[in-house]
Amino acid sequence: MRLPLERDPQHPFDPPAGLRGLPPMTRLELADGHLGWLATTHEAARTVLADPRFSARQDLRRAAVRATVPPGAAPPPGFFVAMDPPAHTRYRRLLTGRFTVRRMRLLEPRIERVAADHLDAMAAAGPPADLVPAYALPIPSLVICELLGVPYADHDFFQDRSTRLALPGRDAQGATADLAAYLTELVGRKRKEPGDDLLSELTGELTDEEATNVALILLVAGHETTANMIALGVFALLHEGLAYEEDAAAGAEEELLRWLSVVHLGVPARAAPEDVEVAGVTVRKGETVALSLPAINRDPAMFEDPEALRLDRAEARRHLAFGHGVHQCLGQQLARIEMRIGYRALFGRFPDLRLAVPATEVPLRTDAAVYGVASLPVTWITGSPA
Ligand code: HEM
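No experiment lies behind these values; they were computed from the predicted model shown.

K.L.:
Go over the overall build of the protein, please, and point to the residues and values.
P.N.:
Secondary structure assignment for the protein yields 13 helices and 9 strands. Here the C-alpha radius of gyration of the protein, 20 Å, is about what a compact globule of 386 residues would show, namely 21 Å. If you line up the protein on its principal axes, its C-alpha atoms span 65 × 55 × 35 Å. Split into buried and exposed, the 386 residues of the protein put 41% on the buried side.

K.L.:
Hey, could you go over the pairing of strand S1 (residues 25-29) for me, with residue numbers and the actual values?
P.N.:
Direction of pairing for S1 relative to strand S2 (residues 35-39): antiparallel, over a ladder of 5 bridges. Bridging across to S2, Arg27 finds its partner in Trp37. Counted between consecutive antiparallel strands, the loop separating S1 from S2 contains 5 residues, among which Gly33 sits at a positive phi close to 90 degrees.

K.L.:
Any chance you could break down the environment of Asp305 for me, citing the residues and the numbers?
P.N.:
Among the secondary structure elements, Asp305 is positioned in the loop between helix H12 (293-296) and helix H13 (332-349). Asp305 sits 169 residues away from Ala136 along the chain, and the two C-alpha atoms are 29 Å apart.

K.L.:
Pulling in residues and values, what's your account of the sheet that holds S1?
P.N.:
Across the sheet, 4 strands lie side by side as S1-S2-S7-S4; this open sheet has mixed pairing. Two strands lie at the open edges of the sheet, namely S1 and strand S4 (270-271), each paired on one side alone. Bridge count between S4 and strand S7 (residues 288-291): 2 bridges; the pairing is antiparallel. The residue of S7 that forms the bridge with Arg270 is Val289.

K.L.:
Any details on helix H6 (residues 138-148)? Residues and values, ideally.
P.N.:
Within H6, 10 of the 11 residues are buried, which leaves it mostly tucked inside the rest of the structure. Turning to H6, its buried residues number three or more, namely Pro138, Ile139, Pro140, Ser141, Leu142, Val143, Ile144, Cys145, Leu147 and Leu148. Positive backbone phi, approximately 85 degrees, marks Gly149, located one or two places after H6.

K.L.:
Quick one: what's the story with the sheet that holds strand S8 (residues 354-355), residue by residue and with numbers?
P.N.:
The strands that make up a sheet pair up through hydrogen bonds in the backbone, lying either parallel or antiparallel. If you walk across this open sheet you meet the 3 strands as S3-S9-S8, and the pairing is antiparallel. Here the strands that pair on one side only, and so sit at the sheet edges, are strand S3 (129-130) and S8. Note: S8 against strand S9 (residues 377-379), 2 bridges, orientation antiparallel. The residue bridging Leu355 from the neighbouring strand is Val378, located in S9.

K.L.:
Any chance you could break down unusual backbone geometry for me, citing the residues and the numbers?
P.N.:
The omega torsion across Pro85 and Pro86 is 5 degrees, close enough to zero to call that bond cis. Cis geometry marks the peptide bond from Pro127 to Pro128, where omega comes out at -5 degrees. Relative to the helices and strands, Pro128 resides in the loop between helix H4 (108-125) and S3. In this structure, Ser261 takes a positive phi of about 40 degrees despite not being glycine. Within the secondary structure, Ser261 sits in the loop between helix H11 (252-260) and S4. Despite not being glycine, Ala279 has its phi angle at roughly 45 degrees, a positive value. With respect to the helices, strands and loops of the structure, Ala279 is situated in the loop between strand S5 (276-278) and strand S6 (281-283). A residue is classified by how many C-beta atoms lie within 10 Å of it, and Ala279, with 17 of them, is partly exposed.

Conventions used here
- Residues numbered from 1 in each chain as written.
- Predicted model: local features only at pLDDT ≥ 70, side-chain atom pairs only at ≥ 80, totals over all residues.
- Helix = DSSP H or I, 4+ residues; strand = E, 2+ residues; numbered from the N terminus.
- Rg over C-alpha atoms; globule rule 2.2 N^0.38 Å.
- Buried ≥ 20, exposed ≤ 12 C-beta atoms within 10 Å, placed from the backbone.
- Pairing = 2+ DSSP bridges.

Shown next as structure tokens:
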């Protein structure tokens with residue numbers, strides 16, 4: 001089978017119907033026609049992602065849906081998402097200490113400011129608003145600016161291009177090229193005049209090409225994912241008629257991460273450099289295993305009543321929405337903070353927020369790399385307390 005993508009517009013948060021009732025490992029036709037595997041249970045996914053024999057190298061693995069890199073292309077310097085240890089370890093070591101909970105907490109006041117400024121603008125313009133460009137996208141893009149040390153004067157350019165990366169039909173390739181050129185130039189500037197930011201620190205330890213690719217990864221990995229978790233999370237709460245609960249058992253963010261699984265397209269895939277047993281099948285040397293996070297995060301063996309969104313679910317943290325093993329999301333603490341502030345500030349400002357169109361008319365991004373909504377028209381009663 002091919003990876004099922006179609007969602008039921010009546011149930012936009014449920015995994016595609018074709019993923020139901022599959023065995024832990026199913027034969028999958030990959031984007032290039034090769035036959036690989038799809039892992040759909042929590043246990044099979046952990047087995048693959050924790051086994052060092054499986055490779056994340058882009059020149060070994062095949063894409064489940066659409067190939068973004070030419071076959072056989074080795075990862076360029078610094079492109080550590082597509083590397084295995086020990087090459088991968090070197091970059092992770094350099095970055096891990098800079099993404100700790102403590103370091104990310106220092107960004108909280110700035111994230112709160114960014115959220116408040118955008119809510120002010122929404123309130124001033126009056127309802128309705130499209131929450132995606134008005135709120136969900138600017139938060140991660142301005143946070144990344146902050147983290148990398150993009151000068152304030154360049155914020156508009158940076159935000160425009162990174163927004164285009166995420167919105168369908170807006171020349172994403174051109175935007176990536178613009179950002180790559182911009183980051184190359186910025187790395188050069190940071191080397192000459194270092195500031196108090198991540199990119200300046202990285203230039204001390206990496207070549208310009210490495211630092212540029214690391215910056216590009218952080219931008220791409222942290223942008224659409226977080227923006228869609230904010231927008232789709234708001235849609236889910238409104239749709240299910242649930243109030244955002246900041247003090248829920250594991251954190252409402254965890255349950256939303258589990259339930260929504262925005263990284264949905266069979267990534268992260270892994271290649272087997274030798275025969276490996278997984279959940280009772282033999283993955284042959286050279287074959288690729290793709291993973292369906294929407295199916296894995298609704299695994300009944302791991303989550304009780306998995307189809308229900310329960311903000312107080314204590315075991316929500318077991319989700320694999322951030323992956324597992326050595327490539328587990330580097331930015332997860334930052335993502336959690338952005339989501340928490342994003343939901344809290346929005347519902348704090350507009351407690352009566354609701355959809356401005358019927359739920360079935362909200363456009364879904366079923367074939368985008370990250371699942372979510374292309375736009376989210378919302379409305380509120382004016383005169384809500386500022
Ligand atoms: C890796 C999800 C936000 C940076 C990953 C992976 C997933 C993921 C599933 C694993 C990829 C793999 O195993 O191949 C998410 C989700 C996010 C989010 C759902 C938002 C809610 C962020 C943010 C940043 C970030 C804010 C940074 C600013 C990264 C990086 C990697 C990664 C650098 C690659 C790590 C490695 O290969 O060692 N993310 N992510 N992510 N994420 Fe995130």
